[in-house]
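Observations on the model geometry
So the chains spell out like this:
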Amino acid sequence: HRTRDCSLLKALRHVSQPRHLDEYQRRALDFQLSFNVEQDYGGGAGNLSAWWFDQDSWLGGRHDVIVQDGYRQLVDLFAAGLDIRTNQVVRSIDFSDATVRIRTTSAEFTGACAIVTVPLGVLKAEGIEFRPRLPEWKRAAIRRLQMGTLNKLYLRFPERFWDDEQQLGFMADARGLWSYWVDYTRVVDEPMLIGFNAARTGAAMEAKSDAETIASAMAVLRTIYGVTVPEPESHRITRWNHDPFALGSYSHIPPGATGADYNELGRSIDHRLFFAGEATTRQYPQTVAGALLTGERAAQEVLSR
């Protein structure tokens with residue numbers, strides 16, 4: 001029993017040390033950590049709170065689904081009839097008086113209130129200047145929560161060579177290295193695989209070129225299916241940490257933070273500055289559904305001012 005929080009990895013090492021895991025057991029444990037924990041939360045096991053990392057709630061129904069034809073459908077549905085200005089990079093939000101002023105790189109917008117939906121990574125990097133500064137309770141929550149990584153590699157092949165399974169797993173020597181693949185063929189009707197890298201492995205992969213990333217993935221696929229696996233015809237790679245409008249994939253709870261920090265991040269300021277996004281829901285962080293629900297919550301808060 002511990003009286004202080006620590007990382008999930010430290011806690012697991014403490015309980016597994018007397019068992020003297022062999023190489024296979026170590027790889028199996030690393031695979032489960034990568035597949036069931038690090039990919040869900042975006043943080044490495046060495047950077048997730050042992051007490052709080054999985055404090056989120058079950059959404060109900062099927063946990064993970066693939067949105068055929070992409071999320072653009074949701075955007076188009078919710079944007080219908082709205083006045084949306086694109087290519088407006090927000091530089092500052094001034095809520096020092098009765099009118100909220102939002103300055104972008106090319107314009108200024110005013111209103112009685114504002115809803116801030118930028119990712120936690122942007123808030124942590126102070127990519128937007130708030131006037132006055134955000135209150136300490138809000139800044140403390142932003143400091144304590146962390147932004148994690150889940151990157152994807154899409155590979156389209158001339159033909160299908162893999163098992164007839166929706167999901168493929170690989171127990172790599174290094175935890176999380178191309179340990180999880182999804183067969184995308186039935187979604188796009190073309191022979192395509194998606195490989196995932198989360199946490200430290202996913203972040204480190206961003207420093208590699210496209211060619212290096214593909215070579216690393218192909219080495220694993222050829223370990224599984226043999227040297228005759230063909231080269232991919234095309235590819236697409238995500239690098240979320242290098243996206244200036246995201247600076248990461250989604251939030252997680254490190255040691256020292258708790259689920260209450262999500263509540264603090266979602267609290268409004270003076271009933272004029274409201275917050276939404278996956279990092280503002282304690283129940284459903286890291287999810288699209290959670291982000292949508294916080295948008296509805298913020299809209300209701302504005303309407304009830």
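The sections below set out a description of the structure shown in this document. (Residues numbered from 1 in each chain as written. Predicted model: local features only at pLDDT ≥ 70, side-chain atom pairs only at ≥ 80, totals over all residues. Heavy atoms only, no water.)

Some points on the overall build of the protein
The condition that has to hold: Under the DSSP-based scheme used, a helix requires at least four consecutive residues in state H or I and a strand at least two consecutive residues in state E, with every element numbered from the N terminus. Between the two quantities, the radius of gyration covers C-alpha atoms and the globule rule is 2.2 Å times the number of residues to the power 0.38. Relative accessibility under 20% of the residue-type maximum defines a buried residue, over 50% an exposed one, and the middle range a partly exposed one, all with a 1.4 Å probe and only protein chains included. Residue contacts follow a heavy-atom distance rule, with two residues in contact if any of their heavy atoms lie within 4.5 Å. Note that accessible areas follow from Shrake-Rupley with a 1.4 Å probe, and for residues the cover is restricted to the protein chains shown.
When its secondary structure is counted, the protein shows 10 helices and 13 strands. Rg of the C-alpha trace for the protein: 21 Å, near the compact-globule value of 19 Å for 305 residues, within the 12% margin. Across its three principal axes, the protein shows a C-alpha extent of roughly 65 × 50 × 35 Å. The 305 residues of the protein split such that 39% are buried. Taking all contacts inside the protein whose residues are at least 6 apart in sequence as the whole, residues at least 24 apart take part in 69%. For the protein, the exposed surface amounts to about 17100 Å²; the carbon and sulfur share of it is 52%.

Looking at the pairing of strand E10 (residues 192-198)
Basically, it comes down to this: DSSP calls a pair of strands paired once it identifies at least 2 bridges connecting them.
Of all the seven residues making up E10, seven are buried; the element is thus mostly covered by neighbouring parts of the structure. As paired strands, strand E9 (residues 180-183) and E10 are joined by four bridges and run antiparallel to one another. Paired with tryptophan 181 across the strands is glycine 195, a residue of E10.

Quick word on the packing of aromatic side chains
Any aromatic ring pair is given by two values, namely how distant the centres are and how the planes are angled relative to each other. For clarity, the cut-off: Stacked, tilted and edge-to-face are the three classes applied to pairs of Phe, Tyr and Trp rings, where Trp contributes its six-membered ring and a pair requires centres within 6.5 Å; stacked means planes under 30 degrees apart, edge-to-face means over 60, and tilted covers the rest. Each ring is checked for a lysine NZ or an arginine CZ that lies within 6 Å of its centre and within 35 degrees of its normal; such an atom marks a charge sitting over the ring.
Here the structure, examined in full by the defined rule, presents 10 aromatic pairs. An angle of 70° between the planes, with centres 5.6 Å apart, marks the rings of phenylalanine 161 and tyrosine 225 as edge-to-face. Placement of phenylalanine 161 in the loop between strand E7 (150-156) and strand E8 (167-169) and of tyrosine 225 in helix H8 (residues 210-225) is noted, with a sequence separation of 64 residues between them. A connected cluster of aromatic rings, assembled from ring pairs, spans Phe31, Phe35, Tyr180 and Phe196. Over the aromatic face of phenylalanine 275 sits the side chain of lysine 138, whose NZ or CZ is 3.7 Å from the ring centroid. One cation-aromatic arrangement involves arginine 267 over tryptophan 137; the distance from NZ or CZ to the ring centre is 3.9 Å.

Things to note about the side chain of serine 179
Selection rule: Here a polar contact is taken to be a pair of N or O atoms separated by no more than 3.5 Å, where protein atoms must pair a possible hydrogen donor with a possible acceptor and residues adjacent in sequence count only if both atoms sit in side chains.
Mapped onto the elements of the fold, serine 179 is located in the loop between E8 and E9. At 3.0 Å, the side chain of serine 179 forms a polar contact with the side chain of serine 34. Excluding its chain neighbours within four sequence positions, the residues that come into contact with serine 179 are Phe31, Ser34, Gln39, Leu168, Gly169, Phe170 and Phe196.

Brief notes about the side chain of threonine 238
Within the element layout of this structure, threonine 238 appears in the loop between strand E11 (234-237) and strand E12 (250-252). Here asparagine 151 takes part through its side chain, which lies 2.9 Å from a polar atom of the side chain of threonine 238. Beyond its immediate sequence surroundings of up to four residues, threonine 238 is in contact with Leu150, Asn151 and Lys152.

Quick notes on unusual backbone geometry
Cis rather than trans, the peptide bond between arginine 131 and proline 132 has omega equal to -5°. For glutamate 126, which is not a glycine, the phi torsion comes out positive at approximately 55°. Secondary-structure assignment places glutamate 126 in the loop between helix H4 (120-124) and strand E5 (129-131). Overall, the relative accessible area of 60% leaves glutamate 126 in the exposed class. If you check the backbone angles, histidine 271 has positive phi at about 55° while not being a glycine. By the secondary structure assignment, histidine 271 is in the loop between helix H9 (260-266) and strand E13 (273-275).

Some words on the sheet that holds strand E1 (residues 90-94)
Convention followed: To obtain each axis, a line is fitted to C-alpha atoms, and for helices this fit is confined to the stretch in contact; angles are then taken between N-to-C directions over 0 to 180 degrees.
One open sheet holds the four strands; their spatial order is E3-E2-E1-E5, and the pairing between them is mixed. At either margin of the open sheet sits one strand with a lone partner, and together these are strand E3 (108-111) and E5. Taken over all neighbouring pairs, the strand axes of this sheet differ in orientation by 15° on average, direction set aside.

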